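# Fold and geometry: a report
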Amino acid sequence: MKARYSIIVPMYNEEAVISHTYERLKAVMENCGDTYELIFVNDGSRDRTVEIMQEISVRDAHVKLIDFSRNFGHQVAISAGMDYAAGDAVVVIDADLQDPPEVILQMIAKWKQGYEVVYAKRIKRHGETLFKKTTAKMFYRLLASMTSVEIPTDTGDFRLIDQKVCAVLRGLKEKNRYVRGLVSWVGFRQTMVEYVREERFAGETKYPLKKMIRFALDGITSFSHKPLKIASYIGFALSLSSFLYLFFVVFQRLFTNWTVPGWTSIVGVNLLFNGIVLMLLGVIGEYIGRIYDESKDRPLYIVRETFGYGDKEDETLTGEGQGGHPHA
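Residues numbered from 1 in each chain as written. Predicted model: local features only at pLDDT ≥ 70, side-chain atom pairs only at ≥ 80, totals over all residues. Heavy atoms only, no water.

### Some details on the nonpolar core
Formed by 36 residues in total, the largest nonpolar core has its most connected members in Tyr5, Ile7, Met29, Phe40 and Ile104. Filtering out sequence-adjacent residues up to four positions away, Ile104 remains in contact with Ile7, Leu25, Val28, Met29, Val91, Ile93 and Phe158. Within the second largest apolar cluster, 29 residues are counted, among which are Phe68, Val92, Val117 and Tyr301. (Core = buried A, V, L, I, M, F, W, Y, C linked by side-chain atoms within 4.5 Å. Buried < 20%, exposed > 50% of the residue type's maximum accessible area, 1.4 Å probe, protein only. Contact = heavy atoms within 4.5 Å.)

### Overview of the side chain of Asp60
On the secondary structure map, Asp60 appears in the loop between α2 (49-59) and β3 (63-68). Note on Asp60: relative accessible area 5%, which makes it buried. Within the structure, Asp60 has its side chain in polar contact with the backbone nitrogen of His62 (distance 2.9 Å). In this view, Asp60 contacts Tyr22 and Lys26; residues no more than four positions away in its chain are not counted. (Helix = DSSP H or I, 4+ residues; strand = E, 2+ residues; numbered from the N terminus. Polar contact = N/O pair within 3.5 Å; in protein donor to acceptor, adjacent residues only side chain to side chain.)

### Examining the pairing of strand β1 (residues 4-11)
Of all 8 residues in β1, 7 are buried; the element is thus mostly enclosed. By the bridge criterion, 8 bridges tie β1 to strand β2 (residues 35-42) in an arrangement that is parallel. Paired with Met11 across the strands is Asn42, a residue of β2. The parallel pair β1 and β2 is bridged by helix α1 (residues 18-30), and the resulting crossover is right-handed. Judged from the 4 bridges that link them, β1 and strand β4 (residues 89-92) form a sheet pairing that is parallel. Bridging from a neighbouring strand, Tyr5 pairs with Ala89 of β4. (Pairing = 2+ DSSP bridges. Right-handed = clockwise from strand over helix to strand, strands pointing away.)

### Focus on the packing of α1 against α2
In contact at an axis separation of 10 Å, α1 and α2 are set at 30° when each is read in the N-to-C sense. Accordingly, the angle class assigned to the pair α1 and α2 is roughly parallel. The handedness of the crossing between α1 and α2 is right-handed. Contact residues: α1 offers Ile18, Ser19 and Tyr22, while α2 offers Ile52, Met53, Ile56 and Arg59. Partitioning the contact of α1 with α2 into residue classes produces 5 nonpolar, 1 polar and 1 charged. (Axes fitted to C-alpha atoms, helices over the stretch in contact; angles between N-to-C directions. Parallel < 35°, antiparallel > 145°, perpendicular 65-115°, else oblique. Left-handed = near helix turned anticlockwise from the far one by under 90°. Nonpolar A, V, L, I, M, F, W, Y, C, P; charged D, E, K, R; others polar.)

### A word on the environment of Glu14
Looking at the secondary structure, you find Glu14 in the loop between β1 and α1. Its relative accessible area of 6% is what places Glu14 among the buried residues. Remark: the alpha-carbon pair of Glu14 and Asp96, spanning 82 residues in sequence, is separated by 7.4 Å.

Below you can see the structure in the form of structure tokens.
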């Protein structure tokens, strides 16, 4: 019995590369010997990405297109693809061709051996700045040290996921999603394949520094409470230090002549402590903000229209992120 694979490709302003991505994915999947579907998720692109993929979907029945009503984010686009995926195994790959589609065949081989998650581990990263490589390495090590969940280092969202794992992921309700962390959290039998990450084929990165920081915060706050504990420890240490300093100042005033008139030291200490307090409030605020997002219970995404799904096309659909197919 032939297996069926669903390849999920999130897109945001990828007109310069998306035709090449389609051609390489098609060539790889035609060689796998099984049936497949290519699910392209348009995350609010402002260029001709949607028009190009509409034209391709008309001539290739393997191609499905999900068009969001606006930009909801890369991780949400992946989640939407999982909601629509009908394959026995699901593969997530970015559209920029930094992750070689040919590695998918290695993932499929591992899946057929009985593994339910096969993630791709980068052994080299071509075309990236020293700053990005260094900060990425620091982030993965920091995340590993702060979480109780073992999230593989030097891995992205490029991975194969069995349908049973995908079904579990559909039932997770987080709005601030960190998909690779969720995949690690659910467990199952996992293994890896190694590969060399290539330079971006065309266009520019969709993860500038600001988005990378936001992404890092999502990863840390979704899988670790340690920042809150650190805030408590620092607060306790500052309080203890303040009382000790108070006794020292009183001792100086009563028993020595060391006291120097003026407010410089007082202002300096106040600025230091107030700055630290505000920083700790910011950490707490990050968690409260995420609680607020969850409490609103809005849909994870809104689909303007779909292509390649027959009578399900041109419907306005919402992804609740609560399990089950969004068409239901």
